[in-house]
Amino acid sequence: MRPQVVAHRGASYENAEHTLGAYVAALDAGADAVECDVRLTADGHLVCVHDRDLRRTARTRGLISTMELAELDQLDFASWKNPWADLDDEAPPRDERLDRVLTLRTLLETVADYERPVEVAIETKHPTRYGGLVERRLVEELRRFGWDRPGSPVRVMSFSWTALQRLERLAPGIRLVLLVEHAHHWPFVSRLIGDDWLVGPGIDELMEHPRLGRRITRSGHDMHVWTVNTPAELERCLELGVKAVITDRPAYVHDLLDKRDAASG
């Protein structure tokens, strides 16, 4: 069965991650789902940002958790990806909204309004100074869309077992993915994971530890694997029957799958 292709932080191979531009590109490339990380601002907004600070993606000092949304909205979250873009005199004018900080609400609205069904995988980042408030705010946002119940296009991921337990109490119908960073954690994780939770191992661990994928498969938990960007990585996922591949290159992975289907069909 063909796995779901999930755009990791949007189509982030060519575009600045977590920007609206990256997600629009991913949707237009045919991504079946999009993935984002969320952090809480000082004034209570969930924004799509991976790092706790702004040095890498906005080239400035400051922590997401200590800044308000209006402050973040003044920053450029895209030029770090292509620092020479301003020198291209032939490039068309760019909508600045595509390059600013992206709120989770705007991403969900974009997905909800898209012309075809798209799923969303949301990772809550921990540890954070706000603790469980992150999950409470997340459920409030999902409730606005009616996406806090069974049948929701949203699933929530985390490396934090405690965070997912919290989500399970707040919104029992939401699908949950426990992320696994190291192969040697699996024996411990396998004893804690909820019966119907999904497992999210990293592709590097699956490539370096062949028995890990087989162990997870035998446990009966479906796998959503990050971050799958090469033919060899995709092939390993297909061998293991992975249900979703999270990739920086959704168009490329779709093309690999299309060619594979054509060759076998």
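Since the structure is predicted, the reported quantities are computational estimates derived from the model, not experimental observations.

Residues His126 and Pro127 are joined by a peptide bond in cis, for which omega reads 0°. A positive phi angle is found at Arg9, which is not glycine, with a value near 60°. Tracing the sequence through the fold places Arg9 in the loop between strand 1 (4-8) and helix 1 (20-28). Judged by its relative accessible area of 13%, Arg9 is buried. One non-glycine residue, His18, lies in positive phi territory at about 65°. Relative to the assigned elements, His18 resides in the loop between strand 1 and helix 1.

Moving on, we get to the pattern of salt bridges. Two side chains of opposite charge can pair, provided their charged atoms sit close to one another. Following the criterion strictly, the structure yields 19 salt bridges and no others. Here Glu135 makes a salt bridge to Arg166, at a shortest N to O gap of 2.7 Å. On the criterion of sequence distance, the pair formed by Glu135 in helix 4 (residues 133-144) and Arg166 in helix 5 (residues 161-170) is long-range, its members being 31 residues apart. For the residue pair Glu135 and Arg166, the accessibility class agrees, reading buried in each case. Between Arg137 and Glu140 there is a salt bridge whose closest N-O contact spans 3.5 Å. Of the two residues, Arg137 and Glu140 are both situated in helix 4; the distance of 3 residues between them amounts to about one turn of the helix. Here Arg137 falls in the partly exposed class, since its relative accessible area comes to 29%.

Here we come to the packing of helix 4 against helix 5. Relative orientation of the contacting elements helix 4 and helix 5 amounts to 40°, with a least axis distance of 10 Å. Put simply, helix 4 runs oblique to helix 5. Along this stretch, helix 4 crosses helix 5, giving a crossing that reads as right-handed. Residues Glu135, Arg136, Val139 and Arg143 of helix 4 pack against Ala163, Arg166, Leu167 and Leu170 of helix 5. When its residues are assigned to classes, the contact of helix 4 with helix 5 shows 4 nonpolar, no polar and 4 charged.

Right, let's talk about the pairing of strand 2 (residues 33-40) for a bit. A regular strand places its side chains on the two faces of the sheet in alternate fashion. For strand 2, the buried fraction is high: 8 of the 8 residues fall into the buried class. Side chains Ala33, Glu35, Asp37 and Arg39 of strand 2 all project onto a buried face; the interleaved residues Val34, Cys36, Val38 and Leu40 project onto the opposite face, where all are buried too. Sheet analysis places strand 1 next to strand 2, joined by 3 bridges and oriented parallel. Counted as the bridge partner of Val6 is Ala33 from strand 2. Read as a crossover between parallel neighbours, the route from strand 1 over helix 1 to strand 2 is right-handed. Where strand 2 and strand 4 (residues 119-124) come together, 6 bridges link them in parallel fashion. Residue pairing for strand 4: Ala33 is matched across the bridge by Glu119. In this structure, strand 2 lies alongside strand 3 (residues 46-48), joined through 3 bridges in antiparallel fashion. The residue bridging Arg39 from the neighbouring strand is Val47, located in strand 3. Linking strand 2 back to strand 3 in an antiparallel pair, the connection comprises 5 residues, with Gly44 at a positive phi of about 90°.

Parameters and conventions
Residues numbered from 1 in each chain as written. Predicted model: local features only at pLDDT ≥ 70, side-chain atom pairs only at ≥ 80, totals over all residues. Heavy atoms only, no water. Helix = DSSP H or I, 4+ residues; strand = E, 2+ residues; numbered from the N terminus. Buried < 20%, exposed > 50% of the residue type's maximum accessible area, 1.4 Å probe, protein only. Salt bridge = Lys/Arg side-chain N within 4 Å of Asp/Glu carboxyl O. Axes fitted to C-alpha atoms, helices over the stretch in contact; angles between N-to-C directions. Parallel < 35°, antiparallel > 145°, perpendicular 65-115°, else oblique. Left-handed = near helix turned anticlockwise from the far one by under 90°. Contact = heavy atoms within 4.5 Å. Nonpolar A, V, L, I, M, F, W, Y, C, P; charged D, E, K, R; others polar. Pairing = 2+ DSSP bridges. Right-handed = clockwise from strand over helix to strand, strands pointing away.

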